[in-house]
Amino acid sequence: MRLKLSILLILLLIGSVHSIAPTPRYTLNDAPETEFQLDHSKWDILLKKHVDDTGNVNYKGFSEDIKALKNYLDYLAKNRPMDKSPKPERLAYYINLYNAATVKLILDNYPTKSIKDIKNPWGKNIVQMGGEKISLGDLEHKILRKMDEPRIHFAINCASYSCPKLLNTAFTSANLEKMLEQTAIDFINDPKRNLLSKEKASLSEIFNWYKKDFTKNGSLIDYLNKYAYQKLTSNTKISYLNYNWGLNEIE
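What counts and how
- Residues numbered from 1 in each chain as written.
- Predicted model: local features only at pLDDT ≥ 70, side-chain atom pairs only at ≥ 80, totals over all residues.
- Heavy atoms only, no water.
- Helix = DSSP H or I, 4+ residues; strand = E, 2+ residues; numbered from the N terminus.
- Buried < 20%, exposed > 50% of the residue type's maximum accessible area, 1.4 Å probe, protein only.
- Contact = heavy atoms within 4.5 Å.
- Areas by Shrake-Rupley, 256 points an atom, 1.4 Å probe, with all protein chains shown as cover.
- Phe/Tyr/Trp six-rings, centres within 6.5 Å; stacked < 30°, edge-to-face > 60°.
- Pairing = 2+ DSSP bridges.
- 1 Å grid on protein atoms, 1.4 Å probe; cavity = no way out; pocket = protein on both sides within 12 Å on 5 of 7 lines; lining within 4 Å.
- Points joined across faces, edges and corners; volume = space filled by probe spheres on them.
- Nonpolar A, V, L, I, M, F, W, Y, C, P; charged D, E, K, R; others polar.
- Disulfide = S-S within 2.5 Å.
- pLDDT = per-residue confidence, 0-100.

Focus on the overall build of the protein chain
Here is step 1 of the chain: When helices and strands are tallied, the protein chain shows ten helices and five strands.
Here is step 2 of the chain: Counting over 251 residues, the protein chain shows a buried share of 44%.
Here is step 3 of the chain: At a minimum sequence separation of 6, the contacts of the protein chain that also span at least 24 residues come to 69%.
Here is step 4 of the chain: Within the structure as shown, the protein chain displays about 14900 Å² of accessible surface, and the carbon and sulfur contribution to it stands at 54%.

With respect to the packing of aromatic side chains
Here is step 1 of the chain: The tally for this structure, following the rule as stated, stands at 16 aromatic pairs.
Here is step 2 of the chain: Relative to Tyr72, the ring of Trp43 lies with its centre 5.7 Å away and its plane at 5°, an arrangement referred to as stacked. Within this pair, whereas Trp43 is found in helix α2 (residues 41-50), its partner Tyr72 is found in helix α4 (residues 66-78), the two being separated by 29 residues in sequence. As far as burial versus exposure is concerned, Trp43 and Tyr72 are alike and both buried.
Here is step 3 of the chain: Plain terms: the ring middles of Tyr93 and Tyr94 are 5.0 Å apart, the flat faces sit at 85° to each other, and that makes the pair edge-to-face.
Here is step 4 of the chain: Taking relative accessible area as the criterion, Tyr93 reaches 0% and is therefore assigned buried.
Here is step 5 of the chain: Cluster of aromatic residues (ring-pair linked, three or more members): Phe154, Phe187, Phe207, Phe214, Tyr223 and Tyr227.

Digging into the pairing of strand β1 (residues 125-129)
Here is step 1 of the chain: Pairing geometry for β1 and strand β2 (residues 132-135), over four bridges, is antiparallel. Note that in β2 the partner of Val127 across the bridge is Ile134.
Here is step 2 of the chain: Here β1 hands over to β2 after two residues, with Gly130 in that stretch at a positive phi of 60°.

Structural notes on empty space enclosed by the protein
Here is step 1 of the chain: As enumerated under the stated definition, the model contains one cavity of 30 Å³ or more in all.
Here is step 2 of the chain: Considered as a void within the structure, the largest cavity measures approximately 40 Å³ in volume.
Here is step 3 of the chain: In terms of lining residues, the largest cavity is bounded by Leu144, Arg145, Asp148, Glu149, Pro150, Ile152, Asp213 and Lys216.
Here is step 4 of the chain: Partitioning the lining of the largest cavity into residue classes produces three nonpolar, no polar and five charged.

Section: the state of the cysteines
Here is step 1 of the chain: Taken as a whole and assessed by the stated rule, the structure comprises one disulfide.
Here is step 2 of the chain: Paired through a disulfide, Cys158 and Cys163 show a sulfur-sulfur distance of 1.6 Å.
Here is step 3 of the chain: The exposure class of Cys158 is buried, given its relative accessible area of 10%.

Things to note about the sheet that holds strand β4 (residues 200-203)
Here is step 1 of the chain: Reading across from one edge, β3-β4-β5 is the order of the three strands in this open sheet, with mixed pairing throughout. The strands lining the two open edges of the sheet, one partner per strand, are β3 (195-196) and β5 (237-240).
Here is step 2 of the chain: As paired elements, β3 and β4 share two bridges and run antiparallel to each other. Looking at the pairing, Leu195 lines up with Ser202 of β4.

What to know about helix α6 (residues 136-144)
Here is step 1 of the chain: All of the buried residues in α6 are Leu136, Gly137, Leu139, Glu140, Ile143 and Leu144.
Here is step 2 of the chain: Buried positions along α6 lie against α5 (87-108), β1 and β2.

Details of unusual backbone geometry
Here is step 1 of the chain: In this model, Tyr110 is joined to Pro111 through a cis peptide bond whose omega is 5°.
Here is step 2 of the chain: Despite not being glycine, Asn120 shows a phi value in the positive range, around 50°.
Here is step 3 of the chain: Relative to the assigned elements, Asn120 resides in the loop between α5 and β1.
Here is step 4 of the chain: The phi dihedral of Ala159 is positive, around 65°, even though this residue is not glycine.

A few points about the confidence of the model for the protein chain
Here is step 1 of the chain: Summary statistics for the protein chain give a mean pLDDT of 90 and a share of 86% for residues scoring 70 or more.
Here is step 2 of the chain: Between residues 7-34, whose pLDDT stays under 50, and residues either more than four places distant or in other chains, the model counts one contact.

And the structure:
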């Protein structure tokens, strides 16, 4: 009798242990959660519809899609990536945000002949990110330039002819590296923005304004030679071209 009671007690103890054992987060047939990916497809559609291959913009046509642009900016405002998010995800987000907010600024003041005709275009807090609003200037200087990626200067567009062209493809974490590399090649070898010869290089003012961003790991010529078809030398004379602030509008 005592033996039967002992066995019964042991069985009850074993059952209680199993009942409090932790349940695994997922079974072998379950897949772990995947990381959230931002969707820039709506911006891509707008770019392909209103921006040509040279980077010029049909602002009049874009104004008819202002609601879609606002919806995309609202989406970005509600889905700012965390600081621990992968760098390509953050860079794509902030580049697209800068470019979309700049287009919105132009449309809010259209028609205009230049972004510089708009009062304080880079100082007004017009860019919504979560619960805060910042300026285009702060987005560029306090966020994008702090990310240690000088090629952002070939990707963000200030709605002017001398700026790097506005691409008609949205940046994503998947295409970021390929597109940044291509923007650097295209901008540096574009004779409308840089005139290069072995003896003389007439450069965009971008290389003057942001020189320290391009020279962290060498000289400016070293940086240019990474992408330039016409290689420069230490004897190449450097000068800077006048910047055309005319609106990058399809004529």
